[in-house]
Amino acid sequence: MTEHEVLRAENIAKGFGSVTALRDVSLRLEKGEVLGLIGDNGAGKSTLIKTITGFHRPDEGRLLLDGEETVLKSVSHAQSLGIQTVYQDLALVDDLSVYHNMFLNAEIVRKPFPFLNGRAMKEKTRQYLADIGVKIPSIDTEVAMLSGGQRQAIAVARAVYSDAKILLMDEPLAAMGAKEGAMILDLVQRLKDEGNVSIILIAHNYAHVFEVCDRVNVLQHGRITYDKNTGDTSVEELTELMVSEYRKARAGGEEE
Ligand SMILES: Nc1ncnc2c1ncn2[C@@H]1O[C@H](COP(=O)(O)OP(=O)(O)OP(=O)(O)O)[C@@H](O)[C@H]1O
Ligand SMILES: [Mg+2]
(Lines give C-alpha, C1' and ligand atoms only; values in the text may rest on other atoms or scores of the structure.)
(Ligands and ions follow the chains in the order given, each with its own letter.)
Protein backbone atom coordinates (compact mmCIF):
# COMPACT_ATOMS: atom_id res chain seq x y z
CA MET A 1 0.00 0.00 0.00
CA THR A 2 1.01 3.60 -0.39
CA GLU A 3 1.51 5.85 2.59
CA HIS A 4 -1.83 7.59 2.19
CA GLU A 5 -4.07 4.68 1.33
CA VAL A 6 -7.18 4.97 3.52
CA LEU A 7 -9.04 2.00 2.11
CA ARG A 8 -8.10 -1.14 0.26
CA ALA A 9 -10.42 -3.94 -0.78
CA GLU A 10 -8.70 -7.18 -1.74
CA ASN A 11 -10.28 -10.01 -3.71
CA ILE A 12 -13.80 -9.35 -2.45
CA ALA A 13 -16.45 -11.90 -3.46
CA LYS A 14 -20.14 -11.69 -2.61
CA GLY A 15 -23.01 -13.80 -3.86
CA PHE A 16 -26.73 -13.95 -3.20
CA GLY A 17 -27.85 -17.54 -3.70
CA SER A 18 -27.16 -18.35 -7.34
CA VAL A 19 -26.26 -14.71 -8.21
CA THR A 20 -22.59 -13.79 -7.99
CA ALA A 21 -22.59 -10.01 -7.54
CA LEU A 22 -18.87 -9.61 -6.83
CA ARG A 23 -16.40 -12.19 -8.12
CA ASP A 24 -12.97 -10.83 -7.28
CA VAL A 25 -12.92 -7.09 -6.58
CA SER A 26 -9.81 -5.23 -5.57
CA LEU A 27 -9.67 -1.47 -5.27
CA ARG A 28 -7.87 1.24 -3.36
CA LEU A 29 -8.77 4.71 -2.18
CA GLU A 30 -6.16 7.32 -1.39
CA LYS A 31 -6.50 10.03 1.21
CA GLY A 32 -8.28 13.09 -0.17
CA GLU A 33 -9.13 11.61 -3.54
CA VAL A 34 -12.48 11.21 -5.25
CA LEU A 35 -12.75 7.86 -6.99
CA GLY A 36 -15.51 7.41 -9.55
CA LEU A 37 -17.02 3.93 -9.75
CA ILE A 38 -19.00 3.11 -12.86
CA GLY A 39 -20.56 -0.01 -14.36
CA ASP A 40 -23.76 -1.34 -15.90
CA ASN A 41 -26.98 -1.76 -13.97
CA GLY A 42 -26.58 -4.86 -11.85
CA ALA A 43 -22.78 -4.83 -12.13
CA GLY A 44 -22.43 -4.95 -8.34
CA LYS A 45 -21.60 -1.34 -7.48
CA SER A 46 -24.13 -1.00 -4.66
CA THR A 47 -23.18 -4.44 -3.34
CA LEU A 48 -19.55 -3.34 -3.18
CA ILE A 49 -20.52 -0.13 -1.36
CA LYS A 50 -22.64 -2.09 1.10
CA THR A 51 -19.69 -4.38 1.77
CA ILE A 52 -17.43 -1.42 2.56
CA THR A 53 -20.12 0.07 4.78
CA GLY A 54 -20.53 -3.02 6.94
CA PHE A 55 -23.99 -3.94 5.65
CA HIS A 56 -22.87 -7.08 3.76
CA ARG A 57 -20.17 -9.41 5.03
CA PRO A 58 -18.01 -10.46 2.04
CA ASP A 59 -17.91 -14.20 1.28
CA GLU A 60 -14.23 -13.89 0.47
CA GLY A 61 -11.54 -11.25 0.52
CA ARG A 62 -10.63 -8.59 3.01
CA LEU A 63 -10.79 -4.87 3.74
CA LEU A 64 -7.91 -2.78 5.00
CA LEU A 65 -8.48 0.60 6.62
CA ASP A 66 -5.35 2.73 6.89
CA GLY A 67 -3.42 -0.42 6.09
CA GLU A 68 -4.99 -2.52 8.81
CA GLU A 69 -7.16 -5.50 8.07
CA THR A 70 -10.62 -4.76 9.45
CA VAL A 71 -13.70 -6.93 9.71
CA LEU A 72 -16.74 -4.66 9.73
CA LYS A 73 -19.37 -6.12 12.04
CA SER A 74 -22.18 -3.70 11.22
CA VAL A 75 -23.03 -0.37 9.63
CA SER A 76 -22.67 1.38 12.98
CA HIS A 77 -19.25 -0.24 13.44
CA ALA A 78 -18.21 1.15 10.05
CA GLN A 79 -19.63 4.56 11.03
CA SER A 80 -17.62 4.53 14.23
CA LEU A 81 -14.52 4.08 12.05
CA GLY A 82 -15.46 7.13 9.97
CA ILE A 83 -17.19 5.46 7.02
CA GLN A 84 -20.41 7.25 6.01
CA THR A 85 -22.71 6.40 3.15
CA VAL A 86 -25.34 7.96 0.96
CA TYR A 87 -27.31 4.89 -0.11
CA GLN A 88 -28.97 4.60 -3.47
CA ASP A 89 -32.09 3.38 -1.65
CA LEU A 90 -31.90 6.32 0.71
CA ALA A 91 -32.65 4.94 4.17
CA LEU A 92 -34.56 7.85 5.63
CA VAL A 93 -37.29 7.24 8.18
CA ASP A 94 -40.52 8.34 6.55
CA ASP A 95 -42.53 9.39 9.58
CA LEU A 96 -39.76 11.42 11.21
CA SER A 97 -39.17 15.08 10.45
CA VAL A 98 -36.43 16.42 8.21
CA TYR A 99 -34.30 17.46 11.17
CA HIS A 100 -34.78 14.20 13.04
CA ASN A 101 -33.61 12.34 9.97
CA MET A 102 -30.61 14.59 9.66
CA PHE A 103 -29.42 13.56 13.11
CA LEU A 104 -30.60 9.99 13.15
CA ASN A 105 -28.18 7.98 15.33
CA ALA A 106 -26.13 11.08 16.00
CA GLU A 107 -28.55 13.21 17.97
CA ILE A 108 -26.99 16.25 19.51
CA VAL A 109 -27.16 15.75 23.22
CA ARG A 110 -27.17 18.68 25.60
CA LYS A 111 -25.09 17.91 28.63
CA PRO A 112 -25.42 17.21 31.49
CA PHE A 113 -28.88 15.92 30.65
CA PRO A 114 -28.96 13.44 27.83
CA PHE A 115 -32.02 14.67 25.97
CA LEU A 116 -32.22 15.78 22.40
CA ASN A 117 -31.54 19.42 21.83
CA GLY A 118 -34.23 20.14 19.30
CA ARG A 119 -33.27 23.74 18.78
CA ALA A 120 -29.63 22.93 18.00
CA MET A 121 -30.63 20.15 15.63
CA LYS A 122 -33.02 22.47 13.82
CA GLU A 123 -30.46 25.24 13.51
CA LYS A 124 -27.82 22.87 12.16
CA THR A 125 -30.26 21.29 9.75
CA ARG A 126 -31.24 24.69 8.37
CA GLN A 127 -27.60 25.64 7.99
CA TYR A 128 -26.63 22.35 6.28
CA LEU A 129 -29.47 22.52 3.79
CA ALA A 130 -28.76 26.18 3.07
CA ASP A 131 -25.11 25.27 2.49
CA ILE A 132 -26.09 22.65 -0.03
CA GLY A 133 -28.54 25.13 -1.47
CA VAL A 134 -31.58 22.87 -1.48
CA LYS A 135 -34.93 24.34 -0.51
CA ILE A 136 -37.24 22.32 1.69
CA PRO A 137 -40.64 23.68 2.74
CA SER A 138 -40.01 23.17 6.44
CA ILE A 139 -37.56 21.11 8.46
CA ASP A 140 -40.50 20.02 10.61
CA THR A 141 -42.03 18.26 7.60
CA GLU A 142 -42.15 14.48 7.70
CA VAL A 143 -39.82 13.22 5.00
CA ALA A 144 -42.65 11.11 3.56
CA MET A 145 -44.05 14.39 2.22
CA LEU A 146 -40.89 15.35 0.32
CA SER A 147 -39.93 14.89 -3.31
CA GLY A 148 -37.27 12.38 -4.37
CA GLY A 149 -34.68 15.10 -4.89
CA GLN A 150 -35.40 16.73 -1.53
CA ARG A 151 -35.00 13.37 0.20
CA GLN A 152 -31.75 12.82 -1.63
CA ALA A 153 -30.51 16.24 -0.49
CA ILE A 154 -31.12 15.29 3.14
CA ALA A 155 -29.30 11.99 2.73
CA VAL A 156 -26.35 13.77 1.14
CA ALA A 157 -26.25 16.51 3.77
CA ARG A 158 -26.42 13.98 6.58
CA ALA A 159 -23.44 12.04 5.26
CA VAL A 160 -21.40 15.06 4.27
CA TYR A 161 -21.69 16.82 7.62
CA SER A 162 -20.92 13.75 9.70
CA ASP A 163 -17.13 14.28 9.76
CA ALA A 164 -16.59 11.16 7.72
CA LYS A 165 -13.10 10.03 6.77
CA ILE A 166 -14.47 7.90 3.98
CA LEU A 167 -17.63 8.97 2.20
CA LEU A 168 -19.41 6.49 -0.06
CA MET A 169 -21.96 8.07 -2.39
CA ASP A 170 -24.15 5.69 -4.36
CA GLU A 171 -25.66 7.76 -7.18
CA PRO A 172 -26.22 10.86 -5.04
CA LEU A 173 -27.37 12.83 -8.09
CA ALA A 174 -29.85 10.32 -9.43
CA ALA A 175 -33.03 12.15 -8.38
CA MET A 176 -31.61 15.66 -8.57
CA GLY A 177 -32.57 18.41 -10.98
CA ALA A 178 -29.74 20.01 -12.95
CA LYS A 179 -29.33 22.91 -10.53
CA GLU A 180 -29.41 20.80 -7.38
CA GLY A 181 -27.09 18.25 -8.99
CA ALA A 182 -24.59 21.01 -9.72
CA MET A 183 -24.80 22.09 -6.09
CA ILE A 184 -24.00 18.58 -4.87
CA LEU A 185 -21.05 18.40 -7.26
CA ASP A 186 -19.84 21.76 -5.92
CA LEU A 187 -20.11 20.35 -2.43
CA VAL A 188 -18.04 17.30 -3.37
CA GLN A 189 -15.47 19.63 -4.91
CA ARG A 190 -15.40 21.69 -1.72
CA LEU A 191 -14.86 18.60 0.45
CA LYS A 192 -12.09 17.55 -1.90
CA ASP A 193 -10.40 20.94 -1.63
CA GLU A 194 -10.50 20.66 2.15
CA GLY A 195 -8.67 17.35 1.74
CA ASN A 196 -9.89 15.57 4.89
CA VAL A 197 -12.24 13.08 3.35
CA SER A 198 -11.81 10.41 0.68
CA ILE A 199 -14.81 9.71 -1.52
CA ILE A 200 -16.11 6.91 -3.71
CA LEU A 201 -18.76 8.31 -6.05
CA ILE A 202 -21.02 6.07 -8.11
CA ALA A 203 -22.52 7.81 -11.12
CA HIS A 204 -24.03 6.81 -14.44
CA ASN A 205 -23.42 10.27 -15.87
CA TYR A 206 -19.78 10.29 -16.99
CA ALA A 207 -19.70 14.08 -17.28
CA HIS A 208 -20.28 14.20 -13.52
CA VAL A 209 -17.46 11.71 -13.01
CA PHE A 210 -15.09 13.90 -14.99
CA GLU A 211 -16.17 17.01 -13.17
CA VAL A 212 -15.11 15.89 -9.69
CA CYS A 213 -13.26 12.58 -9.78
CA ASP A 214 -9.50 12.13 -9.74
CA ARG A 215 -9.64 8.55 -10.89
CA VAL A 216 -12.20 6.17 -12.31
CA ASN A 217 -12.73 2.43 -11.86
CA VAL A 218 -15.06 0.28 -13.93
CA LEU A 219 -16.84 -2.70 -12.39
CA GLN A 220 -17.70 -5.41 -14.93
CA HIS A 221 -18.49 -9.09 -14.48
CA GLY A 222 -17.77 -8.88 -10.78
CA ARG A 223 -14.29 -7.42 -11.20
CA ILE A 224 -12.62 -4.02 -11.53
CA THR A 225 -11.61 -4.09 -15.18
CA TYR A 226 -10.35 -0.54 -15.62
CA ASP A 227 -8.46 1.92 -13.44
CA LYS A 228 -7.28 5.25 -14.84
CA ASN A 229 -6.80 8.81 -13.71
CA THR A 230 -9.57 10.93 -15.20
CA GLY A 231 -6.85 13.05 -16.81
CA ASP A 232 -5.78 10.00 -18.85
CA THR A 233 -9.19 9.08 -20.20
CA SER A 234 -12.33 10.70 -21.59
CA VAL A 235 -16.12 10.46 -21.62
CA GLU A 236 -15.81 8.99 -25.13
CA GLU A 237 -13.37 6.30 -24.02
CA LEU A 238 -15.57 5.25 -21.11
CA THR A 239 -18.72 5.27 -23.22
CA GLU A 240 -17.01 3.15 -25.87
CA LEU A 241 -15.80 0.72 -23.19
CA MET A 242 -19.29 0.28 -21.78
CA VAL A 243 -21.12 0.08 -25.09
CA SER A 244 -18.65 -2.05 -27.07
CA GLU A 245 -19.59 -5.16 -25.13
CA TYR A 246 -23.25 -4.72 -26.07
CA ARG A 247 -22.34 -4.14 -29.70
CA LYS A 248 -20.24 -7.32 -29.74
CA ALA A 249 -23.04 -9.35 -28.22
CA ARG A 250 -25.50 -7.96 -30.76
CA ALA A 251 -23.13 -8.82 -33.60
CA GLY A 252 -23.11 -12.40 -32.35
CA GLY A 253 -19.63 -12.15 -30.90
CA GLU A 254 -18.03 -11.95 -34.37
CA GLU A 255 -16.46 -8.52 -33.95
CA GLU A 256 -13.12 -7.99 -32.32
N1 LIG B 1 -29.94 -8.32 -1.28
C2 LIG B 1 -29.85 -8.96 -2.45
N3 LIG B 1 -30.37 -10.19 -2.62
C4 LIG B 1 -30.27 -10.83 -3.80
N5 LIG B 1 -29.65 -10.33 -4.88
C6 LIG B 1 -29.10 -9.12 -4.78
C7 LIG B 1 -29.17 -8.36 -3.56
N8 LIG B 1 -28.53 -7.19 -3.76
C9 LIG B 1 -28.08 -7.21 -5.03
N10 LIG B 1 -28.42 -8.36 -5.64
C11 LIG B 1 -28.05 -8.76 -7.02
O12 LIG B 1 -26.66 -8.52 -7.18
C13 LIG B 1 -26.39 -7.97 -8.47
C14 LIG B 1 -25.68 -6.63 -8.29
O15 LIG B 1 -26.62 -5.67 -7.79
P16 LIG B 1 -26.19 -4.20 -7.39
O17 LIG B 1 -27.36 -3.58 -6.74
O18 LIG B 1 -24.94 -4.27 -6.60
O19 LIG B 1 -25.90 -3.55 -8.81
P20 LIG B 1 -25.53 -2.04 -9.20
O21 LIG B 1 -24.23 -2.09 -9.95
O22 LIG B 1 -25.59 -1.18 -8.00
O23 LIG B 1 -26.70 -1.65 -10.23
P24 LIG B 1 -27.45 -0.23 -10.49
O25 LIG B 1 -26.56 0.57 -11.40
O26 LIG B 1 -28.69 -0.64 -11.21
O27 LIG B 1 -27.70 0.43 -9.17
C28 LIG B 1 -27.71 -7.90 -9.19
O29 LIG B 1 -27.84 -9.04 -10.01
C30 LIG B 1 -28.72 -7.89 -8.07
O31 LIG B 1 -29.93 -8.47 -8.50
MG1 LIG C 1 -26.75 0.37 -7.43
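To be clear, the structure that these remarks concern was listed above.
Rules and cut-offs
Residues numbered from 1 in each chain as written. Chains lettered and ligands numbered in written order. Predicted model: local features only at pLDDT ≥ 70, side-chain atom pairs only at ≥ 80, totals over all residues. Heavy atoms only, no water. Buried < 20%, exposed > 50% of the residue type's maximum accessible area, 1.4 Å probe, protein only. Helix = DSSP H or I, 4+ residues; strand = E, 2+ residues; numbered from the N terminus. Pairing = 2+ DSSP bridges. Right-handed = clockwise from strand over helix to strand, strands pointing away. Core = buried A, V, L, I, M, F, W, Y, C linked by side-chain atoms within 4.5 Å. Contact = heavy atoms within 4.5 Å. Phe/Tyr/Trp six-rings, centres within 6.5 Å; stacked < 30°, edge-to-face > 60°.

Q: Describe the pairing of strand S9 (residues 166-170), and please don't skip the residues or the numbers.
A: Burial analysis of S9 places 5 of its 5 residues in the buried class, the great majority of the element. Burial of the side chains of S9 extends over both faces: Ile166, Leu168 and Asp170 are buried on one face and Leu167 and Met169 on the other. In this structure, strand S6 (residues 83-86) lies alongside S9, joined through 4 bridges in parallel fashion. Across the sheet, residue Ile83 finds its bridge partner in S9, namely Ile166. Bridging between S9 and strand S10 (residues 198-202) involves 5 bridges; their strand directions are parallel. Paired with Met169 across the two strands is Leu201, which belongs to S10. Considered for its hand, the β-α-β crossover made up of S9, helix H6 (residues 178-194) and S10 is right-handed.

Q: Residue-level account of the nonpolar core, with values.
A: Counting residues in each nonpolar core, the largest one holds 45 residues, and the members touching the most others are Val98, Leu129, Val156, Leu167, Met169 and Ile199. In terms of residues, this core owes the most to one element, helix H5 (residues 148-160), which gives 7 residues. Ignoring any residue separated from it by four or fewer positions in sequence, one finds Leu129 in contact with Val98, Met102, Val134, Ile136, Ile139, Ile154 and Ala157. Listed in part, the 25 residues of the second largest apolar core include Leu35, Leu48, Ala78 and Ile224.

Q: Can you tell me about the pairing of strand S2 (residues 19-30), naming the residues and giving the values?
A: As paired elements, strand S1 (residues 5-16) and S2 share 8 bridges and run antiparallel to each other. Paired with Leu7 across the two strands is Leu29, which belongs to S2. Hairpin remark: S1 followed by S2, antiparallel, with 2 residues in the connecting loop; positive phi at Gly17, about 60 degrees.

Q: Give a detailed account of the packing of aromatic side chains, specifying residues and quantitative values.
A: What the rule picks out here adds up to 1 aromatic pair. Residues Tyr128 and Tyr161 carry aromatic rings whose centres are separated by 4.1 Å and whose planes lie at 5 degrees to one another, so their mutual orientation is stacked. Placement of Tyr128 in helix H4 (residues 118-132) and of Tyr161 in the loop between H5 and S9 is noted, with a sequence separation of 33 residues between them. For Tyr128, a relative accessible area of 11% gives the class buried. Tyr161 sits in the partly exposed class, given a relative accessible area of 22%.

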